[in-house]
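# Structure at a glance
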There are 2 protein chains.
Amino acid sequence: MVSNLQNVLSVAAKGMKKSAIRELLKLTKDPEIISFAGGLPAPETFPIEELVEITNEVLREDGGKALQYGSTEGDDKLRELIAELYKNMGFDISIENVMITTASQQGLDLLAKIFINRGDKVLVGLPSYLGGLQAFKAYGAELVGIEFDESGMRSDDLEAKLAELKIADDLPKFIYIIPDFQNPAGITMPEKRRKEIIEIARKYDVLIIEDSPYKEIRFEGEHQESLYALEGKGQVINFGTFSKIFVPGFRIGWIIAYPEIIDKFVKAKQATDLCTSPFVQKIAAKYMEKGYFETNLKKTIQLYKEKKDIMMRAFAKYMPEGVTWTKPEGGLFLFITLPDYMDSEILFQKAIKKKVAFVVGHAFYCNGKGRNTMRINFSYVPKDLSEIGVKRLAEVIKSEMR
Amino acid sequence: MVSNLQNVLSVAAKGMKKSAIRELLKLTKDPEIISFAGGLPAPETFPIEELVEITNEVLREDGGKALQYGSTEGDDKLRELIAELYKNMGFDISIENVMITTASQQGLDLLAKIFINRGDKVLVGLPSYLGGLQAFKAYGAELVGIEFDESGMRSDDLEAKLAELKIADDLPKFIYIIPDFQNPAGITMPEKRRKEIIEIARKYDVLIIEDSPYKEIRFEGEHQESLYALEGKGQVINFGTFSKIFVPGFRIGWIIAYPEIIDKFVKAKQATDLCTSPFVQKIAAKYMEKGYFETNLKKTIQLYKEKKDIMMRAFAKYMPEGVTWTKPEGGLFLFITLPDYMDSEILFQKAIKKKVAFVVGHAFYCNGKGRNTMRINFSYVPKDLSEIGVKRLAEVIKSEMR
């Protein structure tokens, strides 16, 4: 070993911390714990038999290509099918606008690699997906938080922060937005807010990153047009993934953008992992081609709606006054706000003892706030355990309330 | 679109070029071209039927976990099996020393992320694997080339460069070495040279990166103990991959290092792609457990030896005087040196017209030298086309010779 490892690490590595979520999740491995932590899809939605059929076909019909190196842009058939999927959602795109990534996390990493120099500003929601914050920080981004209201990222605060940064000649590289069933807040941004944000981004000439891993999982309410489609002129880069609407274990996501932006992502990806596994890409393409994707997605939405409803009923039944929570129209999460004086990190330790787990909310706040919040996942826990878990959690909260 | 994309790109992105190899490979897509370019394994080595059997088992017996998120470190069973494989090669390691990567290219990217600040020096062979050079440059590394002789990286030049850099208080972050059947040179470093290099690295307190994707593919000559095993004190980080000894399409590689170094890789990987596909990892683990790995590897070695021998005979038969080439004891490549006045880039254009392709050698030289060299892959082209390809190539070379 070299005599002082710390000395030879990069500035980035010195700043890397293991995810708070990940470390907390280790505590939740006890099988007796009912875990609302994590962001796992329900394994009962995984289409095992369809995948047996398809993998056999892919291996026997196309094994030579499926098991070989593939192109950095991704499997052409899969790119075409994804372009098709998004065209049906109002995107004016073709295969040239789509690059496959090794799931969305890689997209976020490449995004940071392409745009961020150490010290560059990035605007993020308060709260915002922790994996995004980590990916940006690994490249030295300085995160500037934008306040939330019940419609998601506030446009007035966004405009104020941008005006400030413009004066300082320090405009951010991009605004990071999760508009649909936001992680962790569970909030969906209405069209009016989306349009306001697009206008502001145009005014300040700043890119919008639209990260939307759950968009297809809507239980109720109206479909909201995506920022990419609403903007229509390439100022938005859209991130999608199969992780929540098919299986996370394939590690397949995609980026949708103008070709000149896709070109930068391709160059960056080449030096990062050459290509995403052609084997899983070909399986995914066939899964879509055969129509299994839509059938299974419908079942997933139905199941998650049931799980969400069970949880909503349990929350109403058990939670003490003073506790509020978001009512998500889709996705995997809801967000709890406790009275101001409470600290979810203290609650977490007690909750673990009572065999229930969640994620502390402040992990999602780049400004260290949100200590009285927590994220609750409702997709993973089996239906029959959900109410018991909420009851346990409510008891822990009550015992800590003044 | 933002008004000036170039303005908002990172310094890294501004410096990213598409791989010269990749761009040249596009020219070789014509099916009439016999391509010695690329670094593809032979598809006839892909164990299709075994994989049909195994994927069915993995999906039916372990689908819930195989299709879910996995741990960042990698599938425990696979890590254990890889540790076992390397213990048999003299490595004193256990599962804690192994992290799974999304193939070796990700390992190289994470390596750069962990160690390189813009402007840091890295020592690389003249020549050296292009994907490594690209990964390091993406983080702003300044590459310092070390001369080669018939034993690979020269220890006298290595020591001279290190002495120079030490005086300048600018010691490199690591020395990047491909000791076995080097890409592109096809050279294997003998034990004496390995020991010299380890001594020098210790003297200057610099890490060694040992990238060895072909080690298992030895046709003849004696097994050389790896730098990791020879050094034995954690100053070497070893990179391995299934891409050349099983299938590249799974995108599975691994890093072997002391746990405190593995810990840095895990943190970096977490923000990069969360985890490598548990689906392909579980398939790979079962493939090893069932003993298919060893059986198939033996067949692969036999096939590549035959392909190498055919090519060696063709080279001896057709190449004009003044042309020399390495005689690899294993791996996938040999390296041609033409008379000094020749330029393989000019030859390349003519070769394409004559329906044969290779990779220009200077792409592998960080100092722009090697214009009279070319890399030849012998694993991919079918046996019956190899001689015709060499004949075409020899004719192109002859026509350009004075």
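Residues numbered from 1 in each chain as written. Chains lettered and ligands numbered in written order. Predicted model: local features only at pLDDT ≥ 70, side-chain atom pairs only at ≥ 80, totals over all residues. Heavy atoms only, no water.

### Let's talk about the side chain of Lys 215 of chain A
Residue and element names in this part refer to chain A. By the element assignment, Lys 215 lies in the loop between strand E8 (207–211) and helix H10 (227–231). A relative accessible area of 10% means that Lys 215 is categorised as buried. Looking at Lys 215, its side chain comes within polar contact range of the main-chain oxygen of Gln 224, at 2.6 Å. Those residues in contact with Lys 215, other than ones at most four positions away along the chain, are Met 89, Asp 180, Phe 181, Arg 194, His 223, Gln 224, Glu 225 and Ser 226. (Helix = DSSP H or I, 4+ residues; strand = E, 2+ residues; numbered from the N terminus. Buried < 20%, exposed > 50% of the residue type's maximum accessible area, 1.4 Å probe, protein only. Polar contact = N/O pair within 3.5 Å; in protein donor to acceptor, adjacent residues only side chain to side chain. Contact = heavy atoms within 4.5 Å.)

### Structural notes on the sheet that holds E8 of chain A
In any sheet, the strands associate via hydrogen bonds between backbone groups, in a parallel or an antiparallel arrangement. All names here are of chain A. Spatial strand order, E2-E10-E9-E8-E7-E3-E4: seven strands in an open sheet with mixed pairing. Looking at the sheet topology across the chains shown, the edges are occupied by strand E2 (98–101) and strand E4 (142–146). Averaged over all pairs of adjacent strands, the angle between strand axes in this sheet comes to 25°, irrespective of strand direction. Here four bridges tie E2 to strand E10 (residues 253–256), and the two strands are oriented antiparallel to one another. Its bridge partner lying in E10, Val 98 is registered against Ile 256. (Pairing = 2+ DSSP bridges. Axes fitted to C-alpha atoms, helices over the stretch in contact; angles between N-to-C directions.)

### Notes on the relation of the copies chain B and chain A
Laying chain B over chain A is done by rotating through 180° and shifting 0.0 Å along the axis; what remains is an RMSD of 0.0 Å. Both copies of the chain, as the preceding transformation shows, are related through a two-fold rotation axis. A symmetric contact is evident, with 100% of the interface residues of chain B recurring at the interface of chain A. (Least-squares fit on C-alpha atoms with pLDDT ≥ 70 in both.)

### What to know about the interface of chain B and chain A
Counting residues at the interface gives 87 residues for chain B, matched by 87 residues for chain A. Across the interface of chain B and chain A, roughly 7,000 Å² is buried in total on both sides, 60% from carbon and sulfur atoms. On the chain B side of the interface with chain A, the three residues burying the most area are Met 1, Leu 67 and Tyr 69 of chain B, jointly 11% of the side's total. Between Glu 49 of chain B and Arg 60 of chain A there is a salt bridge; the shortest N-O distance is 2.7 Å. Our count for the chain B to chain A interface comes out at 35 residue pairs in polar contact (both at pLDDT 80 or more). Contributing elements (two or more residues each) for the side of chain B that touches chain A: helix H1 (5–8), helix H2 (11–15), helix H4 (48–66), helix H6 (103–115), helix H7 (130–137), helix H11 (259–273) and helix H12 (278–289) of chain B. (Buried area = accessible area lost by both parts, 1.4 Å probe. Salt bridge = Lys/Arg side-chain N within 4 Å of Asp/Glu carboxyl O.)

### Some remarks on the packing of helix H5 (residues 76–87) of chain B against H12 of chain B
All names here are of chain B. Contact pair H5 / H12: the axes reach a minimum separation of 9 Å and the direction vectors enclose 45°. When the interaxial angle is binned, H5 and H12 end up oblique. Once H5 is placed against H12, the crossing between them reads as left-handed. Together, Lys 77, Leu 78, Leu 81, Ile 82 and Leu 85 of H5 and Gln 281, Ala 284, Ala 285, Met 288 and Glu 289 of H12 make up the contact between the two elements. Split into classes, the residues belonging to the contact of H5 with H12 amount to seven nonpolar, one polar and two charged. (Parallel < 35°, antiparallel > 145°, perpendicular 65-115°, else oblique. Left-handed = near helix turned anticlockwise from the far one by under 90°. Nonpolar A, V, L, I, M, F, W, Y, C, P; charged D, E, K, R; others polar.)

### Considerations on the pattern of salt bridges
For the structure shown, the criterion picks out 80 salt bridges over all chains. With a closest N to O distance of 2.5 Å, Asp 109 of chain B and Lys 113 of chain A form a salt bridge. Residue Asp 109 of chain B is located in helix H6, and its partner Lys 113 of chain A is located in helix H6 (residues 103–115); the two belong to separate chains. We note that Asp 109 of chain B, like Lys 113 of chain A, is buried.

### Details of the nonpolar core
Membership of the largest hydrophobic core comes to 218 residues, with the highest contact counts inside it found for Phe 279 of chain A together with Phe 279 of chain B. The contact partners of Phe 279 of chain B, leaving out residues within four places of it in the chain, are Thr 55, Gly 249, Phe 250, Phe 279, Val 280 and Ile 283 of chain A together with Leu 59, Ala 66 and Leu 67 of chain B. Membership of the second largest hydrophobic core comes to 76 residues, among which are Ala 138 and Leu 207 of chain A together with Met 99 and Ala 135 of chain B. (Core = buried A, V, L, I, M, F, W, Y, C linked by side-chain atoms within 4.5 Å.)

### So, the domain arrangement of chain A
Residue and element names in this part refer to chain A. On domain assignment, one finds that chain A holds domain 1 (7–47 + 294–400) and domain 2 (69–292). Between the C-alpha centres of domain 1 and domain 2 the distance comes to 24 Å. The partner domain 2 presents 36 residues to the 36 residues of domain 1 that form the contact. Three residues stand out in domain 1 for area buried against domain 2, namely Glu 329, Phe 364 and Cys 366, and they jointly supply 22% of the buried area on that side. Where domain 1 touches domain 2, the interface holds three salt bridges. Two residues, Glu 220 and Lys 305, come together in a salt bridge whose shortest N-O distance is 3.4 Å. The tally of links between domain 1 and domain 2 comes to 14 residue pairs in polar contact (both at pLDDT 80 or more). Counting only elements with at least two residues in the side of domain 1 that touches domain 2, the list comes to helix H2 (11–15), helix H3 (20–27), helix H13 (292–318) and strand E12 (333–337). (Domains from an automatic or database assignment.)

### Points about unusual backbone geometry
Residue and element names in this part refer to chain B. Cis geometry marks the peptide bond from Leu 126 to Pro 127; its omega dihedral reads 10°. With respect to the element layout, Pro 127 can be found in the loop between strand E3 (121–125) and H7. Look at the link from Asn 183 to Pro 184: it is a cis peptide, with omega at 10°. Relative to the helices and strands, Pro 184 resides in the loop between strand E7 (174–177) and helix H9 (191–204).

### Focus on the pairing of E12 of chain A
Note on strand geometry: in a regular strand, side chains alternate between the two faces of the sheet. Residues and elements named next belong to chain A. Burial analysis of E12 places four of its five residues in the buried class, the great majority of the element. In this structure, strand E11 (residues 324–325) lies alongside E12, joined through two bridges in antiparallel fashion. Each residue of the ladder has a partner; that of Thr 324, found in E12, is Thr 337. Across five bridges, the pairing between E12 and strand E15 (residues 373–377) is antiparallel. What sits directly across from Phe 335, in E15, is Arg 375.

### Quick word on the confidence of the model for chain A
Looking at chain A, pLDDT values average 95 and 99% of them are 70 or higher. The ipTM for the predicted assembly is 0.96, set against a pTM of 0.97. (pLDDT = per-residue confidence, 0-100.)

### A few points about the pairing of E10 of chain A
Residues and elements named next belong to chain A. Alternating positions in E10 separate into two faces, Gly 253 and Ile 255 on one and Trp 254 and Ile 256 on the other, with burial throughout. As paired strands, strand E9 (residues 236–241) and E10 are joined by four bridges and run antiparallel to one another. By the bridge assignment, Phe 239 is partnered in E10 with Ile 255.

### What to know about the packing of helix H4 (residues 48–66) of chain A against helix H12 (residues 278–289) of chain A
Residue and element names in this part refer to chain A. Between H4 and H12, the least distance of the axes is 9 Å, while the angle of their chain directions is 125°. One way to sum up the angle between H4 and H12 is to call them oblique. Considering only the axes of H4 and H12, their crossing is right-handed. Contacts between H4 and H12 involve Leu 51, Ile 54, Thr 55, Glu 57, Val 58, Leu 59, Glu 61, Asp 62, Lys 65 and Ala 66 from the former and Pro 278, Phe 279, Lys 282, Ile 283, Lys 286 and Tyr 287 from the latter. In terms of residue class, the contact of H4 with H12 is made up of nine nonpolar, one polar and six charged.

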